[in-house]
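Breakdown of the fold
The chain contents come next:
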Amino acid sequence: MPKYSMLISWSEEDQAYIVSVPELPGCMADGKTPEEAVKEAQTVIELWIETALEDGETIPEPALFTSVTV
C-alpha cells in the first residue's frame, strides 16, 4: 500500500484524535489515541482506494517530502 501523509489533530468536540489524509479528499478517521487513529486511517485509506478504483477514478500519488521547515 502506498504511504500517504497523515495529519493528526485533537478534536475537543469529539474528544478524539482525528487523522486526515490530504492527498485523498474526504479520507479521515478517528481514535481515542493517536496510534488508534492512525491504525483506523490505514484501513480507511485502503477502503478509499478500493472505492475509487471501483468508480473508475484516478488514485492520487502520495506526496513526497524532501525536507521539513519549522
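**A short note on the side chain of Ser-11**
Checked against the element boundaries, Ser-11 lands in strand 1 (residues 7–11). Taking the relative accessible area as the measure of exposure, Ser-11 reaches 13% and is therefore buried. Aside from chain neighbours lying at most four places away, what touches Ser-11 is Ala-16 and Ile-18.

**Considering the nonpolar core**
The biggest cluster of nonpolar side chains holds eight residues, and these are Tyr-4, Val-21, Leu-24, Cys-27, Ile-45, Trp-48, Ile-49 and Ala-52. The contacts of Ile-49, once residues within four sequence positions are left out, are Tyr-4 and Ile-59.

**Observations regarding the pairing of strand 3 (residues 28–31)**
Burial along strand 3 is one-sided: Ala-29 and Gly-31 are buried, while Met-28 and Asp-30, pointing the other way, are not. Relative to strand 3, strand 2 (residues 16–20) runs antiparallel, the two being bridged by four bridges. Along strand 3, the bridge assignment pairs Val-19 with Ala-29.

**Brief notes about the packing of aromatic side chains**
Tallied over the entire structure, the rule returns one aromatic pair. Centre to centre, the rings of Trp-10 and Tyr-17 are 4.8 Å apart; their planes meet at 65°, and the pair counts as edge-to-face.

**Some thoughts on the side chain of Ser-5**
By the element assignment, Ser-5 lies in the segment before strand 1. The exposure class of Ser-5 is buried, given its relative accessible area of 17%. Discounting chain neighbours no more than four positions away, the residues touching Ser-5 are Ser-20, Val-21, Pro-22, Glu-23, Ala-63 and Phe-65.

**A word on the pairing of strand 1**
Inspection of the sheet shows strand 1 paired to strand 2 by five bridges, in the antiparallel sense. Paired with Trp-10 across the two strands is Tyr-17, which belongs to strand 2. Linking strand 1 back to strand 2 in an antiparallel pair, the connection comprises four residues, with Gln-15 at a positive phi of about 55°.

About the cut-offs
Residues numbered from 1 in each chain as written. Predicted model: local features only at pLDDT ≥ 70, side-chain atom pairs only at ≥ 80, totals over all residues. Heavy atoms only, no water. Helix = DSSP H or I, 4+ residues; strand = E, 2+ residues; numbered from the N terminus. Buried < 20%, exposed > 50% of the residue type's maximum accessible area, 1.4 Å probe, protein only. Contact = heavy atoms within 4.5 Å. Core = buried A, V, L, I, M, F, W, Y, C linked by side-chain atoms within 4.5 Å. Pairing = 2+ DSSP bridges. Phe/Tyr/Trp six-rings, centres within 6.5 Å; stacked < 30°, edge-to-face > 60°.

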